[in-house]
Amino acid sequence: MTNEAEIRALIENWATAVHTGDLDGVLADHSEGIVMFDVPPPHEGVRGIDAYRETWPPFFVWQAEGATFTILELDVTAGDDVAFAWALLRCGTSADPPGHHLRLTIGLRKDQGRWVVTHEHHSFAAVDGDTAENNLREIHPVESER
């Protein structure tokens, strides 16, 4: 299996774990020093696997109310020991406007022969003049209270 195929499978497994609310699956293949910049605060991001772990339960609560988390497009570029990927995902409900996609960028490195995620960046573009913060309140009302 090529590096690109390994990373693609890793990201697809992660997205499935997010969609199903499988916290262990979400954490799998992430470095202890993960840095994530997410849609909800803190805007300085979260650092470390423990802080990363804490961001997911409120999202799972929101998602259980009928939202989806599905990869629409995924591109992977990989070298021998570092890689990055970007993706567009459907992250929301059927009430969200068409084309309102979550943008995802992931940085990875090979650590002791296996790929691990060292960085994630999640974002939404502003829609129809809305700010990202307004979109956050509509899409992630539980998380925007953090």
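These numbers were taken from a predicted model, which means no experiment stands behind them.

Enquirer: Would you mind showing me how to read the overall build of the chain here?
Expert: Within the chain, the regular secondary structure consists of four helices and six strands. Listing the helices and strands of the chain from first to last along the sequence gives α-α-β-β-α-β-β-β-β-α. When each of the 146 residues of the chain is scored for burial, the buried share is 44%. Long-range pairs, those at least 24 residues apart, make up 54% of the contacts in the chain between residues at least 6 apart in sequence. On the chain, roughly 7,500 Å² of surface is accessible, and the fraction owed to carbon and sulfur atoms is 51%.

Enquirer: What am I meant to see in the packing of aromatic side chains here?
Expert: The geometry of an aromatic ring pair comes down to the distance between the two centres and the angle between the two planes. This model, assessed by the stated rule, comprises eight aromatic pairs. Here Trp 14 and Phe 69 contribute two aromatic rings whose centre-to-centre distance is 5.6 Å and whose plane-to-plane angle is 75 degrees, an arrangement assigned as edge-to-face. In this pair, Trp 14 is assigned in helix α1 (residues 3-20) and Phe 69 in strand β3 (residues 68-78), connecting sequence segments 55 residues apart. For Trp 14, a relative accessible area of 3% translates into the label buried.

Enquirer: Just checking my understanding: could you explain the pairing of strand β4 (residues 82-92) for this structure?
Expert: Consecutive side chains of a regular strand alternate in pointing toward one face of the sheet and then the other. Pairing analysis gives ten bridges linking β3 to β4, with the strands arranged antiparallel. Counterpart to Ile 71 in the pairing with β4 is Leu 89. Counted between consecutive antiparallel strands, the loop separating β3 from β4 contains three residues. Pairing of β4 with strand β5 (residues 102-111), which is carried by eight bridges, proceeds in the antiparallel orientation. From the neighbouring strand, Phe 84 faces β5, where its bridge partner is Gly 107.

The rules behind each value
Residues numbered from 1 in each chain as written. Predicted model: local features only at pLDDT ≥ 70, side-chain atom pairs only at ≥ 80, totals over all residues. Heavy atoms only, no water. Helix = DSSP H or I, 4+ residues; strand = E, 2+ residues; numbered from the N terminus. Buried < 20%, exposed > 50% of the residue type's maximum accessible area, 1.4 Å probe, protein only. Contact = heavy atoms within 4.5 Å. Areas by Shrake-Rupley, 256 points an atom, 1.4 Å probe, with all protein chains shown as cover. Phe/Tyr/Trp six-rings, centres within 6.5 Å; stacked < 30°, edge-to-face > 60°. Pairing = 2+ DSSP bridges.

Geometry only, nothing functional implied.
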